[in-house]
Amino acid sequence: MIKALLLIFRPVPTWAGIDAANRSIAYVLCLHLLPLILLTSFAEGYGLMKWGRIHKGEMNYVKQYDLKEVIVIESAQTLVYLALAFLAAAAAKNYAATFHRRSTFQQAFNAVAYGLAPMLTLRLGDLIVGLNAWVPWITGMVLTVAVLYLGLPCLLKPDPPHAFGLYVMTSFTLVVMFGLWRLVTWQFFLGKFPGLEKAITNLVGVSAGVGTPP
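First things first, this report covers the structure right here in the doc. All of these numbers come straight from a predicted model, not from anything done at the bench.

## Thoughts on the overall build of the protein chain
Phase 1: Within the protein chain, the regular secondary structure consists of 9 helices and 2 strands.
Phase 2: In sequence order, the protein chain lays out its α and β elements as α-α-α-β-β-α-α-α-α-α-α.
Phase 3: Over its C-alpha atoms the protein chain spans a radius of gyration of 19 Å, differing by no more than 12% from the 17 Å that the globule rule assigns to 214 residues.
Phase 4: Dimensions along the principal axes, computed over C-alpha positions, put the protein chain at roughly 55 × 30 × 30 Å.
Phase 5: Counting all 214 residues of the protein chain, 44% fall into the buried class.
Phase 6: Across the protein chain, the fraction of contacts at a sequence separation of at least 24, relative to all contacts at a separation of at least 6, is 73%.

## Side note on the packing of helix α1 (residues 2-9) against helix α2 (residues 11-21)
Phase 1: With their axes 6 Å apart at the nearest point, α1 and α2 run at an angle of 125° to one another. It follows that α1 is oblique to α2 by the angle criterion. Contact residues: Lys3, Leu6, Leu7, Ile8 and Phe9 in α1; Pro11, Thr14, Trp15 and Ile18 in α2.
Phase 2: Looking at the contact of α1 with α2 residue by residue, the classes come out as 7 nonpolar, 1 polar and 1 charged.

## Topic: the packing of aromatic side chains
Phase 1: Inspection of every chain in the model, using the stated rule, returns 11 aromatic pairs.
Phase 2: Each ring, one from Phe105 and one from Phe109, has its centre 6.3 Å from the other, and the planes form 25°; the classification is stacked. In this pair, Phe105 and Phe109 both sit in helix α5 (residues 105-115), 4 residues apart, roughly one turn of the helix.
Phase 3: Under the relative-accessibility criterion, Phe105 is labelled partly exposed at 25%.
Phase 4: Taken together, Tyr65, Phe188 and Phe189 form an aromatic cluster joined through their ring pairs.
Phase 5: Between Arg23 and the ring centre of Tyr27, over which it is positioned, the NZ or CZ distance is 4.4 Å.
Phase 6: Between Arg53 and the ring centre of Phe189, over which it is positioned, the NZ or CZ distance is 4.5 Å.

## Topic: the pattern of salt bridges
Phase 1: Applying the stated criterion to the full structure yields 7 salt bridges.
Phase 2: Note that Asp19 is salt-bridged to Lys157, the shortest N-O span being 2.8 Å. Of the two residues, Asp19 sits in helix α2 while Lys157 sits in the loop between α7 (134-156) and α8 (160-189), which places them 138 residues apart along the sequence.
Phase 3: The partner of Glu44 in a salt bridge is Arg123, with the nearest N and O atoms 3.2 Å apart. Taken together, the residues Glu44 in helix α3 (residues 25-50) and Arg123 in the loop between α6 (117-121) and α7 connect sequence positions 79 residues apart.
Phase 4: Overall, the relative accessible area of 3% leaves Arg123 in the buried class.
Phase 5: Sharing partners across several salt bridges, the network here consists of Glu44, Arg53, Glu74 and Arg123.

## Regarding a nonpolar patch on the surface
Phase 1: Taken together, the side chains of Val12, Tyr149, Leu150, Phe164 and Val168 make up a nonpolar region of the molecular surface, amounting to roughly 480 Å² of accessible area.
Phase 2: Listing elements by their share of the nonpolar patch, those giving two or more residues are α7 and α8.
Phase 3: Of note, Phe164 is situated in helix α8.
Phase 4: For Phe164, a relative accessible area of 54% gives the class exposed.

## What to know about α3
Phase 1: Between its first and last C-alpha, α3 extends 35 Å over 26 residues, near the 38 Å set by a 1.5 Å rise per residue.
Phase 2: For α3, the principal kink sits at Leu34 and spans about 35°; a proline, Pro35, occurs within the next four residues.
Phase 3: Directly beyond the C-terminal end of α3, a positive phi value near 75° is found at Gly52.

## Let's talk about the environment of Asp66
Phase 1: Counting through the fold element by element, Asp66 comes out in the loop between β2 (61-63) and α4 (67-98).
Phase 2: Judged by relative accessible area, Asp66 falls into the partly exposed class, the value being 33%.
Phase 3: Residues in contact with Asp66, not counting those within four places in the same chain, are Met49 and Val206.
Phase 4: From its side chain, Asp66 meets the backbone nitrogen of Lys68 in a polar contact 2.9 Å long.

Reading the values: the criteria
Residues numbered from 1 in each chain as written. Predicted model: local features only at pLDDT ≥ 70, side-chain atom pairs only at ≥ 80, totals over all residues. Heavy atoms only, no water. Helix = DSSP H or I, 4+ residues; strand = E, 2+ residues; numbered from the N terminus. Rg over C-alpha atoms; globule rule 2.2 N^0.38 Å. Buried < 20%, exposed > 50% of the residue type's maximum accessible area, 1.4 Å probe, protein only. Contact = heavy atoms within 4.5 Å. Axes fitted to C-alpha atoms, helices over the stretch in contact; angles between N-to-C directions. Parallel < 35°, antiparallel > 145°, perpendicular 65-115°, else oblique. Nonpolar A, V, L, I, M, F, W, Y, C, P; charged D, E, K, R; others polar. Phe/Tyr/Trp six-rings, centres within 6.5 Å; stacked < 30°, edge-to-face > 60°. Lys NZ or Arg CZ within 6 Å of the ring centre and 35° of its normal. Salt bridge = Lys/Arg side-chain N within 4 Å of Asp/Glu carboxyl O. Patch = residues over 30% accessible without salt bridge, like charges linked within 9 Å, V, L, I, M, F, W, Y side chains within 5 Å. Areas by Shrake-Rupley, 256 points an atom, 1.4 Å probe, with all protein chains shown as cover. Expected span 1.5 Å × (residues − 1). Bend = angle between axes of the 7 residues up to and from the residue. Polar contact = N/O pair within 3.5 Å; in protein donor to acceptor, adjacent residues only side chain to side chain.

Here it is as structure tokens:
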């Protein structure tokens, strides 16, 4: 989260430092991306157990999740976020190649992994009871797109005429990929996938409660 703040408020020296360090994929994954995802998933899981989420239907109610349910849900979220980060990095590398720039996957992954820091950090906004789920996501994604404006050219080093095209295509890909996942999770927590919820409760062996009125 500190890196996210530095990228927002001191983007030029922070990206320059990331570029100079030239960390390996394993380093960035294990010491930056994965801990950030796990920390925010832990926070979201705590909120699911403590305050729950409003289910909408014939009768609206607040569902508070069991610890076992939270472990399954947040484990799945962690795996999906990691998969999307790798897919986005592959897309960024391919986009760079279309502009005749032989960027490495390491460069693309580092740009995406650090660029996603604001969006991932703003997952903490989901802990605010009553806040629309899209507010923290949109805020975080806007900040992610903003920091990538400097990050992608700094790490992938495209030719100046092609830098903006690479930025637009990569940013659009991130918005679509992570936006679709946000849509899925938003609908899930609203109770729009009862079959999936039932499968999770059966998997972990807990009874599906009706919750409490909001």
